[in-house]
Amino acid sequence: MRRLDELVPGGLVLALSILAAACGGSETTAAPKSADDAKQFLTNVNKTMLKLGIEAAQAGWVAQNFITEDTEALDAHSNQQVIEAVARYAKEAAAYNNIQVPPDARRQLDLLKLSLVMVTPSDPAEATELTRIASGLRSTYGRGKWCADPSKPQSCMNIDDITKVMAESRSEPELRKVWEGWHTISPPMRKDYARFVELSNKGAKELGFVDTGAMWRQKYDMPADEFTKELDRLWEQVRPLYVKLHAYVRMKLRAKYGDAVPQEGPLPAHLLGNIWAQDWSNVYPLVSPANADAGYSLTDILKRRKTAPLDMVKIGERFYTSLGFAPLPETFWKRSLFVRPQDRDVVCHASAWDIDSEDDVRIKMCIQPTEEDFNTIHHELGHNFYQRAYKAQPVLFRDSANDGFHEAIGDAIALSVTPEYLVRIGLLDKAPDASRDIGLLMTRALEKVAFLPFGLLIDQWRWKVFAGEVPPATYNKVWWDLRLKYQGVAPPAARGEDFFDPGAKYHVPDNTPYTRYFLAHILQFQFHRALSQAAGCKGPLHRCSIYESKEAGQRLNAMLTMGLSRPWPEALEALTGSKQMDASAILDYFAPLDKWLDEQLKGQKTGW
Ligand SMILES: [Zn+2]
């Protein structure tokens, strides 16, 4: 009943956490409730959510595999059923607030209230208005286009076109133009966004939360303020490494772009290979260390061997079975989509599905013989093995320990796709020696270390906005203050309040919480380190693969089977032995790069 997509524009749909629909129905004001009532209530909720969830997943699967107006309508309809049910149950759950119930039941009641990302106010007119604004913001983004010459439709660029130019162009004026162009899609959202904040806060207050942002933070099994501090602590752990990477990239980009890149100030947001400067992988050719090429290309190997998509998935499955997990069911192979069909439109964006919340797991992707897809397969299967591991839990617990965990599992496994692993499965003859590690680590750092401050700041901005600390009059100012503070990134020219730059990032108009991605980026390294230790890996962390380690598999399974049934620190402990998130695993993983950066930056100023 759950589908998980990746961290890219067009991204994330979670059956249970989309938005609360108009829910103007009357509150239940029946006789006082008892613990037995609560038990009965939860039985009904679990039963109904399972049924509606299966219907929604089937409709969603068909809609994405056969894109037509009809399948789209069926998908929207079944999603609406889920949303309305959750909204109704969340409000009904409040009736048990003061009833003594067993801890498991209490957790399920709490989770119901927390499963919404947006709560509509009980006033029917306001509920309708909020629902309309929310879908309006989403479609304004979805339709977003920038036309270099409005009289020429062929000059119009959607986000895919923009992404391509940002990735490939090395012309500063062109990058600036395209960057500024994309940011013209969002000013029309500004007024609606302010109203959206007002109304969704009203709904959250009715459920007993201070505001929508506090409601989001409440999901993390600790007081909202404490959680904020926890995030700051994690960021401070990795910040020194980020600052070095930032300074090194600045030096290299300055060598390429000259004075467009300041010697000591922030990095220009439009020169990092990505429209949001959240992933710097695309500037690797400009910053690549000398003589650090890995010496092999997995993409070339897969192409040369003509490895079929099905065989790539089999290799991925074998990783998990090598850890002791049961093979995927027959239905997975029959019902998944691996190859782009020739005869119809499908959504090819890679995703993992759990249709019946039991065994009917699938992936949907249009596999190419590339290293990227090879890693993505290992990643997607991580979702499927997680989903299957927690299937014995009550329906409300069939989810990851917190929303960062689901993405972190697949990514942690993908970290085990090392050269040594490729040698062990016969795809590579010989692993490159340690002198090539800097190239490998630089590639990963541009993707994963560069992401961290961005992953953090989106919700820093939103939480302040929901809390009323940032009024509409300073939306854009505070957005850029935060981007400067955390990322050390600045816009190509001053951005006043006639712009609304947060709206040019998908997850803001889509109202998808973002902290999960920051957490996933921290957790995947912590998982990888703990699993590597369990596997007895003595080598440097970035060369450890847990392939074929039953010990690591047991640790992983112990956590996965818990699902959402216990607070996440307990799940974390089951795998790592610690209840605390710890970003020091990132420092361990990138230790050789960190040392190398120190040498490169001798005499250079870091920071901004
Ligand atoms: Zn994923």
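Look a little higher up for the structure.
Presented here is an overview of the structure given in this document. (Residues numbered from 1 in each chain as written. Predicted model: local features only at pLDDT ≥ 70, side-chain atom pairs only at ≥ 80, totals over all residues. Heavy atoms only, no water.)

## A word on the overall build of the protein
How we decide: Counting from the N terminus, the helices are DSSP H or I runs at least four residues long and the strands are E runs at least two residues long. Just to be clear, the radius of gyration here is over C-alpha atoms, and the globule rule we use is 2.2 Å times residues to the power 0.38. Relative accessible area decides the class of each residue, using a 1.4 Å probe on protein chains only: under 20% of the type maximum gives buried, over 50% gives exposed, and in between gives partly exposed. Whether two residues are in contact is decided by their heavy atoms: any pair within 4.5 Å suffices. Residue exposure ignores everything except the shown protein chains as possible cover, and the areas themselves are Shrake-Rupley values with a 1.4 Å probe. Neither His nor the chain termini are counted; the positive set is Lys and Arg, and the negative set is Asp and Glu. Charge positions are represented by NZ for Lys, CZ for Arg, CG for Asp and CD for Glu.
On a plain count of helices and strands, the protein comes out with 24 helices and 7 strands. For 608 residues, the compact-globule estimate of 2.2 N^0.38 gives 25 Å, and the C-alpha radius of gyration of the protein, at 24 Å, lies within 12% of that figure. Taking all 608 residues of the protein together, 58% fall into the buried category. Contacts in the protein between residues far apart in sequence, at least 24 positions, make up 77% of those at least 6 positions apart. Surface summary for the protein: the accessible area is close to 24,300 Å², and the carbon and sulfur share equals 51%. Taken together, the 73 basic and 78 acidic charged side chains of the protein have centroids lying 2 Å from each other.

## Some thoughts on the pattern of salt bridges
As a reminder of what qualifies: Throughout this description, the term salt bridge denotes a Lys or Arg side-chain nitrogen within 4 Å of a carboxyl oxygen of Asp or Glu.
Here the structure, examined in full by the defined rule, presents 33 salt bridges. Where Glu573 meets Lys579, a salt bridge forms, and the shortest distance between an N and an O atom there is 4.0 Å. Classification of Glu573 by relative accessible area gives partly exposed; the value is 34%. Within this structure, Glu129, Arg195 and Glu198 form a network of salt bridges that share partners.

## Points about the state of the cysteines
Here, the word disulfide means a covalent bond between the sulfur atoms of two cysteines. Operational definition: Only a pair of cysteine sulfur atoms within 2.5 Å counts as a disulfide in this structure description.
Here the structure, examined in full by the defined rule, presents 3 disulfides. One disulfide in the model links Cys147 with Cys156; its S-S distance is 2.0 Å. Classification of the bridge connecting Cys147 and Cys156 rests on its S-S torsion, roughly 100°, and on that basis the disulfide is right-handed. Here Cys147 falls in the partly exposed class, since its relative accessible area comes to 22%. On the basis of relative accessible area, Cys156 is assigned to the buried category, the value being 19%.

## Some remarks on helix 20 (residues 515–534)
What counts here: To estimate the expected span of a helix, count its residues, drop one, and scale the result by 1.5 Å.
Under the 1.5 Å per step criterion, the end-to-end length of helix 20 is 28 Å for 20 residues, consistent within 8% with the ideal 28 Å. Looking one or two places after helix 20, you find Gly536, whose phi comes out positive at around 80°.

## Observations regarding the packing of aromatic side chains
To keep things clear, this is the line we draw: Ring pairs are drawn from Phe, Tyr and Trp, using the six-membered ring of Trp, whenever the two centres fall within 6.5 Å, and their geometry is named by plane angle: stacked under 30 degrees, edge-to-face over 60, tilted for the rest. Counted as over-ring charges are cases with an Arg CZ or a Lys NZ within 6 Å of the ring centre that also lie within 35 degrees of the ring normal.
Applying the stated rule across the entire model yields 41 aromatic pairs. The structure contains a cluster of three or more aromatic residues connected by ring pairs, namely Tyr193, Phe196, Trp461, Tyr475, Trp479 and Phe500. The side chain of Arg217 reaches across the aromatic face of Trp463, ending 4.8 Å from its centre. For Arg344, the ring lying beneath its charged end belongs to Phe66, and the centroid distance is 4.2 Å.

## Quick word on the pairing of strand 5 (residues 351–354)
Our working rule: For two strands to pair, DSSP has to find at least two bridges joining them.
Of the two faces of strand 5, the one lined by Ser351 and Trp353 and the one lined by Ala352 and Asp354 are each fully buried. With 4 bridges connecting them, strand 5 and strand 6 (residues 361–364) associate as antiparallel partners. Bridging from a neighbouring strand, Ser351 pairs with Lys364 of strand 6. Hairpin connection from strand 5 to strand 6: 6 residues lie between these consecutive antiparallel strands, with Ser357 at a positive phi of about 60°.

## Digging into unusual backbone geometry
Positioned with a positive phi, Asn291 is a non-glycine residue whose angle comes to about 55°. Relative to the helices and strands, Asn291 is located in the loop between helix 10 (284–287) and helix 11 (298–304). Using a relative accessible area of 70% as the deciding quantity, one classes Asn291 as exposed. Unlike most non-glycine residues, Ser357 shows phi in positive territory, near 60°. Tracing the backbone through its elements, the reader meets Ser357 in the loop between strand 5 and strand 6.

## Focus on the side chain of Glu380
Our working rule: The term polar contact refers here to a pair of N or O atoms within 3.5 Å; inside protein, the definition further demands a hydrogen-donor-capable atom paired with an acceptor-capable atom, and it admits residues adjacent in sequence only when both atoms are side-chain atoms.
Inspection of the secondary structure puts Glu380 in helix 14 (residues 371–389). The charged side chain of Glu380 is buried without a salt bridge, its nearest counter-charge being Lys364 at 9.3 Å. Side-chain polar atoms of Glu380 contact the backbone nitrogen of Ala352, separated by 3.2 Å.

## A few points about helix 15 (residues 403–414)
The periodicity of an α-helix, 3.6 residues per turn, causes residues three or four positions apart to be oriented the same way. Of all 12 residues that make up helix 15, 11 are buried, and the element is covered over most of its length. For helix 15, the set of buried residues is Gly404, Phe405, His406, Glu407, Ala408, Ile409, Gly410, Asp411, Ala412, Ile413 and Ala414.

## Looking at the packing of helix 12 (residues 309–322) against helix 14
Going by this rule: A fitted line through C-alpha atoms represents every axis, and for helices the fit uses only the stretch in contact; the resulting angles, taken between N-to-C directions, go from 0 to 180 degrees. Between 65 and 115 degrees an angle is taken as roughly perpendicular, under 35 as roughly parallel, over 145 as roughly antiparallel, and anywhere else as oblique. Each crossing gets its handedness from the near helix: less than a right angle anticlockwise from the far helix is left-handed, clockwise is right-handed.
Contact geometry of helix 12 with helix 14 gives a least axis separation of 9 Å together with a crossing angle of 50°. Here helix 12 lies oblique to helix 14, going by the angle between them. With respect to the hand of their crossing, helix 12 and helix 14 are arranged in right-handed fashion. Only Asp373, Phe374, Ile377, His378, Leu381, Gly382 and Phe385 of helix 14 make contact with helix 12, whose side of the interface consists of Met312, Val313, Ile315, Gly316, Glu317, Phe319 and Tyr320.

## Details of the nonpolar core
For clarity, the cut-off: Nonpolar cores were defined as sets of buried Ala, Val, Leu, Ile, Met, Phe, Trp, Tyr and Cys residues, with membership established by side-chain atoms within 4.5 Å.
Among the nonpolar cores identified, the biggest contains 182 residues, and Tyr193, Trp280 and Phe374 are the most heavily contacted of them. The biggest single contributor to this core is helix 9 (residues 224–257), with 13 residues. Trp280 has contacts with Tyr242, Leu245, His246, Val249, Leu267, Leu272, Leu446 and Ala450, leaving out every residue within four places of it along the chain.

## Remarks on the packing of helix 4 (residues 124–142) against helix 7 (residues 190–206)
Test applied: In this count, Pro and Cys sit with the nonpolar residues alongside Ala, Val, Leu, Ile, Met, Phe, Trp and Tyr, while Asp, Glu, Lys and Arg are called charged and the others, Gly among them, polar.
The interhelical angle for the contact between helix 4 and helix 7, taken along N-to-C directions, is 135°, at an axis separation of 9 Å. Classed by the angle they form, the pair helix 4 and helix 7 counts as oblique. As helix 4 runs across helix 7, the sense of the crossing is left-handed. Only Asp192, Tyr193, Arg195, Phe196, Leu199, Ser200 and Lys202 of helix 7 make contact with helix 4, whose side of the interface consists of Glu126, Glu129, Leu130, Ile133, Ala134 and Leu137. Across the contact of helix 4 with helix 7, the residue classes break down as 7 nonpolar, 1 polar and 5 charged.

## Remarks on the environment of Asp36
Tracing the backbone shows Asp36 in helix 1 (residues 35–65). Among the residues examined, Asp36 registers a relative accessible area of 62% and is labelled exposed. Through-space distance from the C-alpha of Asp36 to that of Ile99 is 10.0 Å; in sequence the pair is 63 residues apart.

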